[in-house]
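Chain residues, written in single-letter form:
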Amino acid sequence: MDTIRSQMVIGKKAQEALKDKKVLIFGLGGVGGACLEALARLSVGHFTLVDGDVFDSSNLNRQILATEKTLGRSKVQVAKERVLDINPQAQVQVHDMMLKEDFSLFKDSYDGVVDCIDDVGAKIALYGFAQERGFFLLSSMGMGNKCHPEKIQVSSLYKTQVDPLARVLRRKCKEAGIKDFPVVFSQESPQRSEDFPKTSKPGSLSFVPPVAGYFLASILLNHWMEELKQTDESEG
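Residues numbered from 1 in each chain as written. Predicted model: local features only at pLDDT ≥ 70, side-chain atom pairs only at ≥ 80, totals over all residues. Heavy atoms only, no water.

### So, the sheet that holds strand β2 (residues 46-50)
Alright, step 1. Strand order in the open sheet formed by seven strands is β3-β2-β1-β4-β5-β7-β6, and the pairing between neighbours is mixed. Here the strands that pair on one side only, and so sit at the sheet edges, are β3 (91-95) and β6 (152-156). For this sheet, the mean angle separating the axes of adjacent strands, direction not counted, is 20 degrees.
Alright, step 2. Relative to strand β5 (residues 137-140), strand β4 (residues 112-115) runs parallel, the two sharing three bridges. The residue bridging V114 from the neighbouring strand is L138, located in β5.
Alright, step 3. Docked against the sheet, helix α4 (residues 75-86) engages β2 and β3, running at close to 175 degrees with respect to β3. (Pairing = 2+ DSSP bridges. Helix = DSSP H or I, 4+ residues; strand = E, 2+ residues; numbered from the N terminus. Axes fitted to C-alpha atoms, helices over the stretch in contact; angles between N-to-C directions. Contact = heavy atoms within 4.5 Å.)

So this is what it looks like as structure tokens:
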């Protein structure tokens, strides 16, 4: 894979280090698919992907992996093919499953655990798993019913504002003893068309969830860059 344009920004040593990074991603929808795409194009070398869903027509408006050709297909299988189309040297493991509280399948040591799922209980369980194992954890808050990607911010869970999902997670994480960790969230109040009842599923636009996914990828890259810098300084 030709990474010269990336090397011009991060340098050859950092680029080479990405080949050994192992990332565990839960959820391959609008946010997770974009995060995966960005990391694959950085030439991250190892992925473990978890999602039990298939693509349907409602995904076409916002999910980078959803096309007419992928409708009805497993999200993890499509994601694996996408990664290997970008970087044939990558190693990709997939788990076609919805996340439960059993994490026994994930025995590797991961350099990043990325949460892009919606279920509150599953998110809390994932946070506990990642922190217990000492993995670098990052998560996306709610990106539904939003119109302004410029209002998405990088912060930590306990410093989030406005986001209804983050509000619930802050309370439950405090109850569970979960330590603070990086998240992406939107400061935009949810928007809702009067054409649809409030009880229906959240709406979503093509340009909001992917921005959150790209932010997650940037958090990971910059975290690894800082680790590499600290290692160089300690050895120097």
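### A word on the nonpolar core
Alright, step 1. Residues V23, I25, L39, F47, L49, V114 and L216 are the most contacted members of the largest nonpolar core, which totals 41 residues.
Alright, step 2. Those elements giving two or more residues to this core turn out to be α2 (12-18), β1 (22-26), α3 (30-41), β2, α4 and α7 (209-235).
Alright, step 3. Apart from the residues lying within four places of it in its own chain, the contact partners of F47 are V23, I25, L36, L39, A40, V83, Q91, V92 and Q93. (Core = buried A, V, L, I, M, F, W, Y, C linked by side-chain atoms within 4.5 Å. Buried < 20%, exposed > 50% of the residue type's maximum accessible area, 1.4 Å probe, protein only.)

### Topic: the pattern of salt bridges
Alright, step 1. Taken as a whole and judged by the stated rule, the model has eight salt bridges.
Alright, step 2. We note a salt bridge from E37 to R41, for which the minimum N-O separation is 2.8 Å. Residue E37 and its partner R41 are both found in helix α3; the two are separated by four residues, about one turn of the helix.
Alright, step 3. Classification of E37 as buried rests on a relative accessible area of 6%.
Alright, step 4. One salt bridge in this structure joins R73 and E81, with 2.7 Å as the shortest N-O distance.
Alright, step 5. We classify R73 as partly exposed; its relative accessible area is 32%.
Alright, step 6. Counted as one network, the salt bridges with shared partners bring together E37, R41 and R82. (Salt bridge = Lys/Arg side-chain N within 4 Å of Asp/Glu carboxyl O.)

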